[in-house]
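Structure assessment
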Amino acid sequence: MKIIVTIGVCLFTLGAFAQQDAKPATPATPPAVAPAKKASKAKPAKPTVEFKTMTIERADIPYDSQEQFVFEFKNNGSTPVIITNVQTSCGCTKAEQPTEPVAKKKTGKIAVKYDTKRVGNFTKTITVTTNVSTEPIILTIKGNVLAADPNAAPSTPATGTH
């Protein structure tokens, strides 16, 4: 008897909750739409510091050459740019940064020297940080240093792990 009563109560409960309120159909109102923003006529922002090139590549560099890789940049912003740090990827590469702030619309340069007593192909990076961006700028130098004696084989190839 208890089982029949329990089943009856369950069926009654399910039947009661299965009923839906009958509401008259009303036309759906579209959701409120925010007014469209006017398209901005402003030009996309240029980088404040713009380098002429991000990579300098030289095919055949004479052994023990003193030639530098020079990266030129322009300050396109409205405030002076200070190069706060220049870090090379290894000790075989040295970089010289501007010592004075670069005024707006003026240019500056970063001179990079690679140890050309290391014969063979190389790829090195230079990481530049400034006062106008939290993102570093990555510059790259690539090249091939020729052996001092054209008949000599490369003694220590520069692999970028130094």
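Our subject is the structure listed above.
Definitions and limits used
- Residues numbered from 1 in each chain as written.
- Predicted model: local features only at pLDDT ≥ 70, side-chain atom pairs only at ≥ 80, totals over all residues.
- Heavy atoms only, no water.
- Phe/Tyr/Trp six-rings, centres within 6.5 Å; stacked < 30°, edge-to-face > 60°.
- Buried < 20%, exposed > 50% of the residue type's maximum accessible area, 1.4 Å probe, protein only.
- Lys NZ or Arg CZ within 6 Å of the ring centre and 35° of its normal.
- Pairing = 2+ DSSP bridges.
- Helix = DSSP H or I, 4+ residues; strand = E, 2+ residues; numbered from the N terminus.
- Axes fitted to C-alpha atoms, helices over the stretch in contact; angles between N-to-C directions.
- Core = buried A, V, L, I, M, F, W, Y, C linked by side-chain atoms within 4.5 Å.
- Contact = heavy atoms within 4.5 Å.

**Focus on the packing of aromatic side chains**
What characterises a pair of aromatic rings is the spacing of the ring centres plus the angle enclosed by the ring planes. This model, assessed by the stated rule, comprises three aromatic pairs. An angle of 15° between the planes, with centres 3.8 Å apart, marks the rings of Tyr 114 and Phe 122 as stacked. You can call Tyr 114 buried: its relative accessible area is 1%. A residue is classified by how much of its surface remains accessible, and Phe 122, at 3% relative accessible area, is buried. The residue whose ring lies beneath Arg 58 is Phe 69, and the NZ or CZ to ring-centre distance is 4.3 Å.

**Let's talk about the sheet that holds strand 6 (residues 107-114)**
With antiparallel pairing, four strands are arranged side by side in an open sheet as 1-3-6-5. Edge positions in the sheet fall to strand 1 (49-51) and strand 5 (93-96), since each of these pairs with one other strand and no more. The sheet shows a mean angle of 25° between the axes of neighbouring strands, direction not considered. Summarising the sheet, strand 3 (residues 69-75) and strand 6 pair through six bridges and their orientation is antiparallel. The residue bridging Phe 71 from the neighbouring strand is Ile 110, located in strand 6.

**Quick notes on the nonpolar core**
One finds Phe 51, Phe 69, Val 128 and Ile 141 to be the most contacted residues of the largest nonpolar core, which totals 23 residues. Looking at this core, the elements with two or more residues in it are strand 1, strand 2 (55-61), strand 3, strand 4 (83-88), strand 6, strand 7 (120-130) and strand 8 (133-145). Discounting residues that sit within four places of it in the chain, Phe 69 has contacts with Ile 56, Arg 58, Ile 61, Ile 110, Ala 111, Val 112, Tyr 114, Phe 122, Ile 141 and Lys 142.

**Some thoughts on unusual backbone geometry**
Of note, the phi angle at Asp 64 is positive, near 60°, even though the residue is not glycine. Here Asp 64 shows up in the loop between strand 2 and strand 3. Overall, the relative accessible area of 36% leaves Asp 64 in the partly exposed class. The residue Lys 105 is not glycine, and still its phi comes out positive at about 70°. Looking at the element boundaries, Lys 105 is found in the loop between strand 5 and strand 6. We classify Lys 105 as exposed; its relative accessible area is 53%.

From the geometry alone we can't say anything about function, so treat these as descriptive.
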